[in-house]
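Each chain, letter by letter, is given below.
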Amino acid sequence: MYTAEDILMERERRVEFQEKLSEKYKMSILVIRVNYPGINKDNDISQGITVIIEQILSELFSYSINYKIMTTTAEGPIVIMAIDKTARDIKSITLDIEDKHILGRCVDIDVYDENGRGISREDFGLGMRKCFICDDIAHICVRSKKHSLDEVEEFIKNRYLKYMEKFYGK
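First, a word on scope: everything that follows refers to the structure included in this document. (Residues numbered from 1 in each chain as written. Predicted model: local features only at pLDDT ≥ 70, side-chain atom pairs only at ≥ 80, totals over all residues. Heavy atoms only, no water.)

## Points about a negative patch on the surface
Next, step 1: On the surface, Glu12, Glu16, Glu19 and Glu23 cluster together to form a negatively charged patch.
Next, step 2: In this fold, Glu23 is placed in helix α1 (residues 4-25).
Next, step 3: Among the residues examined, Glu23 registers a relative accessible area of 55% and is labelled exposed. (Patch = residues over 30% accessible without salt bridge, like charges linked within 9 Å, V, L, I, M, F, W, Y side chains within 5 Å. Areas by Shrake-Rupley, 256 points an atom, 1.4 Å probe, with all protein chains shown as cover. Salt bridge = Lys/Arg side-chain N within 4 Å of Asp/Glu carboxyl O. Lys, Arg positive; Asp, Glu negative; His and termini not counted. Charge placed at Lys NZ, Arg CZ, Asp CG, Glu CD. Helix = DSSP H or I, 4+ residues; strand = E, 2+ residues; numbered from the N terminus. Buried < 20%, exposed > 50% of the residue type's maximum accessible area, 1.4 Å probe, protein only.)

What follows is the structure in structure tokens.
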């Protein structure tokens, strides 16, 4: 079992790793993480969601991926890719997935340009992401702990099960 400190340390390690990849490949970096609450971020649901989103993005960028790693740390399952496309082009596609795919609200797909600068929703004139439970700004709900851990976990679990049933049956 991990602690909140473990998660923060792993995040710092990941950011350092992303910076090294950016220096080595001189191209856009894409990072997939599940928005799983609490400190137990590595479970069947978060692993399953990560694999599904990774498969979609790997197919979409198949001819442009120069490096890809999937790992699990205190942050949960993570996929990092170095992609030979502009960060804006990548972010445009990932925004569609985050906003329209049934599992899109369950993940953060971060995109960084070749200089390591994050490309945000605001760069596209879009507002901050909405909470999947109440439609308020997600950041506000997370900071204020507006929803219980169980509520958020249940939402993510139900989305995943709904996806699995729709595409693979009961």
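## Describing the pattern of salt bridges
Next, step 1: Scanning the model with the defined rule gives 14 salt bridges in all.
Next, step 2: A salt bridge links Asp108 to Arg33, with the nearest nitrogen and oxygen atoms 3.9 Å apart. A residue pair is termed long-range when its members are at least 10 positions apart, and Asp108 in strand β4 (residues 107-112) and Arg33 in strand β1 (residues 28-34) qualify at 75 residues.
Next, step 3: You can call Arg33 buried: its relative accessible area is 19%.
Next, step 4: Lys100 is paired through a salt bridge with Asp96; the nearest N and O atoms lie 3.2 Å apart. Remark: Asp96 and Lys100 occur in helix α3 (residues 87-100); sequence separation between them is four residues, near one turn of the helix.

## Things to note about the environment of Ile133
Next, step 1: Structurally, Ile133 is set in the loop between β5 (118-119) and α4 (138-144).
Next, step 2: In the structure, Ile133 is positioned 29 residues away from Gly104 in sequence and 14 Å away in space, judged by C-alpha atoms.
Next, step 3: Beyond its immediate stretch of four places on either side in the chain, Ile133 contacts His147, Glu151 and Val152. (Contact = heavy atoms within 4.5 Å.)

## Side note on the nonpolar core
Next, step 1: Of all hydrophobic cores here, the largest spans 28 residues; its most connected members are Leu30, Ile32, Ile49, Ile53, Leu57, Ile109 and Ile156.
Next, step 2: Those elements that provide at least two residues to this core are β1, α2 (44-60), β3 (76-83), α3, β4 and α5 (149-168).
Next, step 3: Contacts of Leu30, omitting those with residues within four sequence positions, involve Leu57, Phe61, Val79, Ile80, Met81, Ile83, Ile90, Thr94, Ile109, Asp110 and Val111.
Next, step 4: Core analysis: the next-biggest nonpolar cluster, separate from the first, contains eight residues, Leu21, Ile29, Ile78 and Ile80 among them. (Core = buried A, V, L, I, M, F, W, Y, C linked by side-chain atoms within 4.5 Å.)

## Overview of the packing of aromatic side chains
Next, step 1: Enumeration over the complete set of coordinates arrives at four aromatic pairs.
Next, step 2: For the ring pair Tyr25 and Tyr67, a centre distance of 5.8 Å and an interplane angle of 40° mean the geometry is tilted. Taken as a pair, Tyr25 in helix α1 and Tyr67 in strand β2 (residues 65-73) lie far apart in primary sequence, 42 residues in all.
Next, step 3: Look at Tyr25 and you get partly exposed, because its relative accessible area is 21%.
Next, step 4: Take Tyr67: its relative accessible area is 23%, and that puts it in the partly exposed class.
Next, step 5: Three or more aromatic residues joined by ring pairs form one cluster here, namely Phe17, Tyr25 and Tyr67. (Phe/Tyr/Trp six-rings, centres within 6.5 Å; stacked < 30°, edge-to-face > 60°.)

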